[in-house]
Amino acid sequence: MSQFHLGEFEEIVLLTVAILNGEAYGVNIISEIEDRLSRKVSLGAIQTVLKRLEEKDLVKSEFGETTRVRGGKRKRLYEITARGRQILNRTKAQRNSLWDAIPKVVFKFS
Amino acid sequence: MNSSENKPPRIALEFFRWFCHPDFLEEIEGDLTERFHEYSGKHGLKRAKWIFVKEVLFLFRPSIIGNIYHLTNKNSIIMLLQNKRLILILVAVPTLLLIPLIAMQFSTGVDWKILDFLVMGVLLLGTGLLCELVLRKVKSTKGRIIFCGIVLLVFLLVWAELAIGIFGTPFAGS
């Protein structure tokens, strides 16, 4: 994907990071996606996309606290950046414009 | 329950620590461990271990490995070499199978078909893995010698039966 367009999964992960509002890290991003979209996601896929989004400056991260259940390892908490918000807004506007352009008759008999 | 049993599979974890880029190691290992405990509570320990192995394999991708220079890190290699006996077994099986393969090029006395290689491969691998299991589970030297001896004896008997047929089973060779 180019710097200015999001892939489908990238968009989902970026939206989920925004939903979790500063509390987003690997495990709860997966839980959120599985709960909301009933879609199985692997840790490998999530981590790959998070690294890519960070490279594109759409999210930023910092180490959070550690818990016993994590074996003493810290979480990396992700947060959406201004650029990430801008891209999401643009993507949403593009989608809305496509939906608005569908002739009403298309869904009339469905 | 033994506390060591409630931990992620050691070999998979060491493999992950070896290939994962050091910059990502802490966060992803934490995520893996947290998911392991979550699955352990939901689905039981055995299934949680399988899912852990699967997740480690799915993490084995360029974006997580990063540059390859860290793969030659000395500590990582030492950890991996703790399993060198297992690696040796896995390497020894195809190496031993090369002997008849090479012999076939120089002598008409050796004439193995694909099935022969397959059967011998399964036999050698099975024997090697069973010996590895014995060496890991049995701590006393006497016990190790006895159990490994039994495994090797069974291997030789099965081989002899398949090759020349000493018991007259339907699988006996002539």
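Residues numbered from 1 in each chain as written. Chains lettered and ligands numbered in written order. Predicted model: local features only at pLDDT ≥ 70, side-chain atom pairs only at ≥ 80, totals over all residues.

Trainee: Mind laying out the overall build of chain B, listing which residues take part and the relevant values?
Mentor: When helices and strands are tallied, chain B shows eight helices and zero strands. For chain B, buried positions account for 13% of its 174 residues. Intrachain contacts of chain B at a sequence separation of at least 6 include 56% that bridge at least 24 residues. (Helix = DSSP H or I, 4+ residues; strand = E, 2+ residues; numbered from the N terminus. Buried ≥ 20, exposed ≤ 12 C-beta atoms within 10 Å, placed from the backbone. Contact = placed C-beta atoms within 7 Å.)

Trainee: Break down the overall build of chain A for me, with residues and values.
Mentor: When helices and strands are tallied, chain A shows five helices and two strands. Moving toward the C terminus, one meets the helices and strands of chain A in the order α-α-α-β-β-α-α. When each of the 110 residues of chain A is scored for burial, the buried share is 25%. Long-range contacts, defined here as pairs at least 24 residues apart, represent 45% of the contacts in chain A between residues at least 6 apart.

Trainee: Report on unusual backbone geometry, specifying residues and quantitative values.
Mentor: Residue and element names in this part refer to chain A. In this structure, Asn 21 takes a positive phi of about 45° despite not being glycine. Tracing the backbone through its elements, the reader meets Asn 21 in the loop between helix H1 (8–20) and helix H2 (26–37). Non-glycine residue Asp 57 carries a positive phi angle of around 65°. In this structure, Asp 57 sits in the loop between helix H3 (43–55) and strand S1 (59–66).

Trainee: So what's going on with helix H3 (residues 45–59) of chain B? Residues and values would help.
Mentor: Helix length check: H3(B) (15 residues) gives 21 Å between terminal C-alpha atoms against 21 Å at 1.5 Å per residue, within 8%. B:Ala48, B:Ile51, B:Phe52, B:Glu55, B:Val56 and B:Leu59 are the residues of H3(B) that are buried. The buried residues of H3(B) occupy an angular sector of 140° when projected down its axis, which confines them to one face. The exposed set on the far side of H3(B), more than 90 degrees from its buried face, consists of B:Lys46 and B:Arg47. Lining the buried residues of H3(B) we find H3 of chain A together with helix H1 (10–19), helix H2 (22–43) and helix H4 (62–65) of chain B. (Expected span 1.5 Å × (residues − 1). Arc of directions from axis to C-beta.)

Trainee: Got a sec to walk through the interface of chain B and chain A? Specific residues and values, please.
Mentor: In this assembly, 17 residues from chain B lie in contact with 15 residues from chain A. For the side of chain B that touches chain A, the elements supplying multiple residues, two or more each, are H2, H3 and H4 of chain B. In terms of residue class, the side of chain B that touches chain A is built from five nonpolar, four polar and eight charged. (Nonpolar A, V, L, I, M, F, W, Y, C, P; charged D, E, K, R; others polar.)

Trainee: Report on helix H6 (residues 84–106) of chain B, specifying residues and quantitative values.
Mentor: For H6(B), with 23 residues, the first-to-last C-alpha span of 33 Å sits near the 33 Å given by 1.5 Å per residue. Along its length, H6(B) reaches its greatest deviation from straightness, about 25°, at B:Ala92, and the proline B:Pro94 lies no more than four positions downstream. (Bend = angle between axes of the 7 residues up to and from the residue.)

Trainee: Can you explain the packing of H2(B) against H3(B)? Please cite residues and give values.
Mentor: Residue and element names in this part refer to chain B. Axis separation between H2 and H3 bottoms out at 8 Å; the angle between their running directions is 150°. Classified by the angle their axes make, H2 and H3 are roughly antiparallel. In the packing of H2 onto H3, the handedness of the crossing is right-handed. Between H2 and H3, the residues in contact are Ile 28, Leu 32, Arg 35, Phe 36, Tyr 39, Ser 40 and His 43 and Leu 45, Arg 47, Ala 48, Ile 51, Phe 52, Glu 55 and Leu 59, respectively. Here the residues of the contact of H2 with H3 sort into nine nonpolar, two polar and three charged. (Axes fitted to C-alpha atoms, helices over the stretch in contact; angles between N-to-C directions. Parallel < 35°, antiparallel > 145°, perpendicular 65-115°, else oblique. Left-handed = near helix turned anticlockwise from the far one by under 90°.)

Trainee: Give me the nonpolar core: which residues, what numbers.
Mentor: Grouped together as the largest cluster of nonpolar side chains are 33 residues, with contacts concentrated most on A:Val13, A:Leu14, A:Val17, A:Ile29 and A:Val59. The residues touching A:Val59, leaving out its near neighbours within four places in the chain, are A:Leu14, A:Val17, A:Leu50, A:Leu53, A:Glu54, A:Tyr78, A:Glu79, A:Ile80, A:Thr81 and A:Gly84. (Core = buried A, V, L, I, M, F, W, Y, C linked by C-beta atoms within 7 Å.)

Trainee: Describe in detail the confidence of the model for chain A, supporting the description with residues and values.
Mentor: Scored by pLDDT, chain A has a mean of 91; 95% of the residues are at 70 or more. In the model of chain A, helix H5 (residues 105–108) of chain A stands out as the element of lowest mean pLDDT, 81, in contrast to H1(A), which has the highest, 96. (pLDDT = per-residue confidence, 0-100.)

Trainee: I'd love a proper account of the environment of B:Val56, names of residues and values included.
Mentor: Tracing the chain through its elements places B:Val56 in helix H3. Along the backbone, B:Val56 and B:Ile28 are 28 residues apart, and their C-alpha atoms lie at a distance of 10.0 Å.

Trainee: Can you explain the environment of A:Lys51? Please cite residues and give values.
Mentor: Residue and element names in this part refer to chain A. For Lys 51, the position within the fold is in helix H3. The exposure class assigned to Lys 51 is partly exposed, which follows from the 18 C-beta atoms found within 10 Å. Taking the C-alpha atoms as reference points, Lys 51 and Ser 61, separated by ten residues in sequence, lie 9.9 Å from one another.

Trainee: For the confidence of the model for chain B, give the residues involved together with the corresponding values.
Mentor: All names here are of chain B. Looking at chain B, pLDDT values average 84 and 86% of them are 70 or higher. Averaged over each element, pLDDT in chain B is lowest for helix H5 (residues 74–81) (58) and highest for H2 (93). What the predictor reports for the complex is a pTM of 0.61 with an ipTM of 0.86.

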